[in-house]
Amino acid sequence: MSQHTNTAAFLPGPGSTLEISSAPLYEPQHGEVVIKNEAVAIQPFDAKVHDANIRGTIKSYPFILGSNVAGTVYAVGEGIEDLEVNDKVVADTAAYVTGDTRMGTWQRYAVTRRRTVAKIGNASFEQAVALSFPLQTAVAALHLYLGMGKPGTGREEERVLVWGAGGAVGTYAVQYAKSVGHTVIVTASPRDVERQKSLGASEVVDYKAPDAVSQLRELGPYKYLFTASGDKNSQQALASLLQPSGGVFASVARSDIGELPENVKLIYDAFSMATQREEFAEFAAWWYDEYLPKAISESLVQPAKYVVRRGGLAALQEASRDVLESKVKEKIVVNPQEG
Ligand SMILES: NC(=O)c1ccc[n+]([C@@H]2O[C@H](COP(=O)([O-])OP(=O)(O)OC[C@H]3O[C@@H](n4cnc5c(N)ncnc54)[C@H](OP(=O)(O)O)[C@@H]3O)[C@@H](O)[C@H]2O)c1
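So, how was this worked out
- Residues numbered from 1 in each chain as written.
- Predicted model: local features only at pLDDT ≥ 70, side-chain atom pairs only at ≥ 80, totals over all residues.
- Axes fitted to C-alpha atoms, helices over the stretch in contact; angles between N-to-C directions.
- Helix = DSSP H or I, 4+ residues; strand = E, 2+ residues; numbered from the N terminus.
- Parallel < 35°, antiparallel > 145°, perpendicular 65-115°, else oblique.
- Left-handed = near helix turned anticlockwise from the far one by under 90°.
- Contact = placed C-beta atoms within 7 Å.
- Nonpolar A, V, L, I, M, F, W, Y, C, P; charged D, E, K, R; others polar.
- Pairing = 2+ DSSP bridges.
- Near = placed C-beta within 6 Å.
- Domains from an automatic or database assignment.
- Buried ≥ 20, exposed ≤ 12 C-beta atoms within 10 Å, placed from the backbone.
- Arc of directions from axis to C-beta.

Participant: Can you walk me through the packing of helix α3 (residues 125-145) against helix α8 (residues 281-297) in this structure?
Facilitator: Here α3 crosses α8 at 130°, and the two axes come no closer than 11 Å. Here α8 runs oblique to α3, going by the angle between their axes. α3 and α8 meet at a crossing whose hand is right-handed. Contacts between α3 and α8 involve A128, L131, S132, L135, Q136 and L144 on the former and, on the latter, F283, W287, L292, A295 and I296. Of the residues belonging to the contact of α3 with α8, the class tally is 9 nonpolar, 2 polar and no charged.

What follows is the structure in structure tokens.
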């Protein structure tokens, strides 16, 4: 390893500017892999933690942000038989769960646990990383938290509502629900109608239409309800659509909705980090060994759009700000090896 060096984008404190400087080149411990990072995608969560340390995620500074990456295996720890140096992979790290800066992916080399790594065959790093985090968010919310089945197990008569399907999480939620076998109704912008239909939506309602809720009521009832925008308006709409019998919906964000009707339960969690949790070990095994590699290398899902931002680690500061301010509709992907 001695001919290589590591460089990281360190965050000195909440909301501060990233500082690019040298970092240790890590030795993997038992069950760990070191990845040479070739692509990271900036998620809204990264940008919010960068800006304001939401949910008290960072316990001590300086910190290295980022929990998803695609790249090549650089070093393999003891106890790992099924990965080799130079394998192309995508991974989710436990950086935000453990606070371990070795696992932050906004650096050239990062450590992750073998059990959260998937092989990607000949797929591009950019495509793999742009897909994995929001896809996990959507599938974990629908399958683990709302109880939707696996692909091919659902019934067409059972309807699914995905509110705010225009973003990455929504794009994958539509496709997953369709692949399970359900009829999928979405809300999205009028300019997105054709794409939503190609993803599998049977009806697309404009979420800004004043009568969106009554249009959706006509198209229901729904067995599964999910808001992929997570805003207050969407949560109120879903709570209202569950009347009069009540029920459950999942949301990507916890908005200040106030009191929900007594017969409505909102499910919110860090769906994107489901595979880091022991209780979901079975899901994680299916995810990294079966579903995610297929989704990537067999193009099981149509990827949400991404743009590559040049400049390496130095580009992360502005990219993170752009994501925070919703200036770019696509996922921004950066190659930490550049620059
Ligand atoms: N809980 C978790 O585990 C988890 C994980 C990942 C993401 N998230 C959260 O989920 C949200 C979406 O993430 P993402 O990666 O999908 O973001 P994204 O790709 O940046 O999605 C943004 C798009 O969503 C649509 N949108 C925005 N506001 C909306 C609204 N009020 N109503 C309906 N649609 C709206 C817009 O598309 P159109 O203009 O085309 O409608 C917008 O371009 C973020 O808040 C993120 O923090 C949560």
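Participant: Help me out: how do you make sense of the sheet that holds strand β2 (residues 19-23) in this one?
Facilitator: Across the sheet, 3 strands lie side by side as β2-β1-β4; this open sheet has antiparallel pairing. The outermost strands of the open sheet, each flanked by one partner alone, are β2 and β4 (63-64).

Participant: What is the right way to look at the site of the ligand in this model?
Facilitator: Every one of the 26 residues lining the ligand counts as a neighbour, but P44, G164, G166, G167 and V252 are closest to it. Counting residues per element, the ones that place at least two in the shell around the ligand are α1 (44-52), α3 and α4 (168-180). Residue classes in the shell around the ligand are distributed as 12 nonpolar, 11 polar and 3 charged.

Participant: Explain the sheet that holds strand β11 (residues 201-206) here, please?
Facilitator: Hydrogen bonding along the main chain pairs the strands of a sheet, whether they run parallel or antiparallel. A sheet is described by the order of its strands in space; here 6 strands give the open sequence β11-β10-β9-β12-β13-β14, paired in parallel fashion. On the outer flanks of this sheet lie β11 and β14 (264-267), each paired with one strand and no other. Between one strand axis and the next, the sheet turns by 20° as a mean value, whatever way the strands run. As judged from the 2 bridges shared by strand β12 (residues 224-227) and strand β13 (residues 247-251), these two strands associate in the parallel manner. The residue bridging T227 from the neighbouring strand is S251, located in β13. Where α3 meets the sheet, its contacts fall on β12, β13 and β14, and the angle it forms with β12 comes to roughly 150°.

Participant: What is the right way to read the domain arrangement of the protein chain from this model?
Facilitator: By convention, interface size is frequently given as the accessible area that disappears when the constituent parts associate. When the domains of the protein chain are assigned, the result is domain 1 (6-119 + 305-334) and domain 2 (134-271). Placing a centre on the C-alpha atoms of domain 1 and another on those of domain 2 gives a separation of 29 Å.

Participant: How do you make sense of helix α9 (residues 316-324) when you look at a structure like this?
Facilitator: Residues of α9 that are buried: L316, A319, S320 and V323. One face of α9 carries all of its buried residues, which in axial projection span an arc of 100°. In the core, the buried residues of α9 are packed alongside β1 (6-11), β3 (32-42), α1, β15 (306-309) and β16 (331-334). At the C-terminal side of α9, S326 shows a positive phi close to 50°.

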